[in-house]
Amino acid sequence: CVVSASDDRTARLWDARVRGDVATLEHEYQVTAVSYSADGKTVYAGGIDNGITAWDVRQKRKVMTMKGHTDTITYLSLSPDGNHLLSNSMDGTVRSWDIRPFVEGNRRHIRTFHGGTHNAEKGLLNCSWS
């Protein structure tokens, strides 16, 4: 499956075998960034509400939210070990999050990296693990 973000306030799961979407995860605001978990059971979606929502793909329900950015999230990147998530935002920060299931509440936010600001003229910037 592939996941996509959309201005129609949805994240959609697509399956090439059926040549169409197989699930729709509805948000209150436009979705601008998505990422699958390492096991494929969770989709992380960020958007213009400045938050990240984790969705259980099988049950199609929200399982957690992560707040901290003050502007639109433009990119999400899963760590190679599958335990952490990076989020880039138009607020000029990259944040790292602990997405392991036993971590609760505000302990999910690990670190904030402050960098160059960006805007629509500079395009949407990405973040990545090395």
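Whatever comes next refers back to the structure up there.
Residues numbered from 1 in each chain as written. Predicted model: local features only at pLDDT ≥ 70, side-chain atom pairs only at ≥ 80, totals over all residues. Heavy atoms only, no water.

Caption draft 1: Structural view of the sheet that holds strand β8 (residues 73-78). Read from one edge of the open sheet, four strands run β8-β9-β10-β11, paired in antiparallel fashion. Looking at strand neighbours, the two that pair on one side only are β8 and β11 (109-114), the edges of this open sheet. Taking the axes of each pair of neighbouring strands and ignoring which way they run, one obtains an average angle of 20° across the sheet. Across five bridges, strand β10 (residues 93-98) lies against β11 in antiparallel orientation. Within β11, the position partnered with W97 by the bridge is H109. (Pairing = 2+ DSSP bridges. Helix = DSSP H or I, 4+ residues; strand = E, 2+ residues; numbered from the N terminus. Axes fitted to C-alpha atoms, helices over the stretch in contact; angles between N-to-C directions.)

Caption draft 2: Quick look at the pairing of strand β9 (residues 84-89). Counting buried residues in β9 gives six out of six residues, a clear majority hidden from the surface. Taken together, the five bridges between β8 and β9 define a ladder with antiparallel strand orientation. Its bridge partner lying in β9, S77 is registered against L86. Between β8 and the antiparallel strand that follows it, β9, lie five residues; G82 among them carries a positive phi value of about 80°. Pairing between β9 and β10: five bridges, direction antiparallel. In the sheet register, L86 faces β10, and the bridge partner there is S96. The loop that links β9 with its antiparallel partner β10 comprises three residues; one of these, G92, has a positive phi angle of about 85°. (Buried < 20%, exposed > 50% of the residue type's maximum accessible area, 1.4 Å probe, protein only.)

Treat this as a map of the structure, not an account of what it does.
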